[in-house]
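Architecture and fold: a report
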Amino acid sequence: MRVLLQRVSRAEVRVDDRVTGRIGRGFLLLVGFAEADGEEALTWMAERVAGLRLFPDDAGKMNLDLADADGALLVVSQFTLYGDARKGRRPSFVAAARPTAAMPLYERFVALLRATGLHVETGEFGARMEVELVNDGPVTLWLER
């Protein structure tokens, strides 16, 4: 499981001209899955994301987590995180989970994040999406399990 996390001051995802998810302060998560991913990886990642202290406290140090900062999550599926561009000019995506395996993993991950009590918005699995964001900091982390 791979997650590209960006701390944002705002983010939005659209399918066609319809907004499917919108947040203010929080994390935009671009999420990809491999066939071997399971409950352990999903649980670990949900707990990790919810507990990361990436927001500044009164002293300007990154000591606050999402709940402390009254932040939200925007979760967007992105199989291209498993793209391998080491050979040729077109990436290979054979390491990414097929949609039939990835969709239940995505839905379970979103459910685990919601179970933390955080506000969670989403994109639309498998759709062509436009993601707009303002990266705050910038703060960007690559998380893998």
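Per-chain numbering applies: the sequence of each chain, read as written, is numbered from 1 onward. Where local features are concerned, this predicted model is filtered to residues with pLDDT of at least 70; where side-chain atom pairs are given and counted, the filter is 80 or more; whole-chain, interface and lining totals use all residues. Side-chain descriptors were evaluated using all non-hydrogen atoms of the structure, hydrogens and water having been removed beforehand.

**Brief notes about the pairing of strand β7 (residues 119-122)**
Formally: Only protein chains enter the accessibility calculation, which uses a 1.4 Å probe; a residue whose area is less than 20% of its type maximum is buried, one above 50% is exposed, and one in between is partly exposed. By the criteria applied, helices consist of DSSP H or I runs no shorter than four residues and strands consist of E runs no shorter than two, each listed in order from the N terminus. Pairing between two strands requires that DSSP report at least two bridges joining them. Looking down the strands as they point away from you, a crossover is right-handed if its path from the first strand over the helix to the second goes clockwise.
The side-chain alternation of β7 yields one buried face, formed by Val-120 and Thr-122, and one unburied face, formed by His-119 and Glu-121. In this sheet, β7 lies alongside strand β6 (residues 72-77) in parallel orientation, the contact comprising four bridges. Across the sheet, Ala-72 pairs through a bridge with His-119, a residue of β7. Taking the sense of rotation as the criterion, the β-α-β connection linking β6, helix α2 (residues 99-115) and β7 turns out right-handed.

**Notes on helix α1 (residues 39-51)**
Applicable threshold: How far a helix is expected to stretch is found by multiplying one less than its residue total by 1.5 Å. Directions pointing from the helix axis toward each C-beta atom define the arc. Should any heavy atoms of two residues lie within 4.5 Å, those residues are counted as being in contact.
Helix length check: α1 (13 residues) gives 18 Å between terminal C-alpha atoms against 18 Å at 1.5 Å per residue, within 8%. Those residues of α1 not exposed but buried are Ala-41, Leu-42, Met-45, Ala-46, Val-49 and Ala-50. One side of α1 holds all its buried residues, which, seen down the axis, span an arc of 150°. Exposed side of α1, more than 90 degrees from the buried face: Glu-40 and Glu-47 are the residues found there. Those residues of α1 that are buried lie in contact with β1 (2-15), β3 (26-32), β6, α2 and β8 (129-144).

**Considerations on the pattern of salt bridges**
We apply this condition: Salt bridge, as applied in this entry: a Lys or Arg side-chain nitrogen positioned within 4 Å of an Asp or Glu carboxyl oxygen.
Inspection of every chain in the model, using the stated rule, returns twelve salt bridges. Notably, a salt bridge pairs Arg-14 with Glu-132, separated by 3.4 Å at the nearest N-O pair. On the criterion of sequence distance, the pair formed by Arg-14 in strand β1 and Glu-132 in strand β8 is long-range, its members being 118 residues apart. Judged by relative accessible area, Glu-132 falls into the partly exposed class, the value being 38%. Of the charged contacts in the structure, one is a salt bridge between Arg-108 and Glu-39, with a shortest N-O distance of 2.7 Å. Note that Arg-108 is positioned in helix α2 and Glu-39 in helix α1, a separation of 69 residues in sequence. Overlapping salt bridges, with partners in common, bring together Arg-10, Glu-12, Arg-14, Arg-22, Glu-130 and Glu-132 in one network.

**Comments concerning the nonpolar core**
Put simply, the test is: We define the nonpolar core as a collection of buried residues of types Ala, Val, Leu, Ile, Met, Phe, Trp, Tyr and Cys that are connected through side-chain atoms lying within 4.5 Å of one another.
Formed by 32 residues in total, the largest nonpolar core has its most connected members in Leu-29, Phe-33, Leu-73, Val-75 and Phe-109. At seven residues, α2 tops the list of elements feeding residues into this core. When near neighbours in sequence (up to four residues on either side) are disregarded, Leu-29 contacts Val-3, Leu-4, Leu-5, Val-49, Leu-73, Leu-74, Val-75, Val-76, Phe-109 and Leu-113. The next biggest cluster of nonpolar side chains, apart from the first, holds twelve residues, and it includes Val-8, Val-15, Leu-28 and Met-129.

**With respect to the packing of aromatic side chains**
Let me state the cut-off plainly: Note on ring pairs: Phe, Tyr and Trp rings are taken, using the six-membered ring of Trp, and paired if centres are within 6.5 Å. Classes follow the plane angle, with under 30 degrees stacked, over 60 edge-to-face and the rest tilted.
Counting across every chain of the model gives three aromatic pairs. Measuring from ring centre to ring centre gives 5.1 Å for Phe-79 and Phe-93, while their planes differ by 70°; the resulting arrangement is edge-to-face. Taken together, the positions of Phe-79 in the loop between β6 and α2 and Phe-93 in the loop between β6 and α2 put the pair 14 residues apart, joining distant regions of the chain. Taking relative accessible area as the criterion, Phe-79 reaches 49% and is therefore assigned partly exposed.

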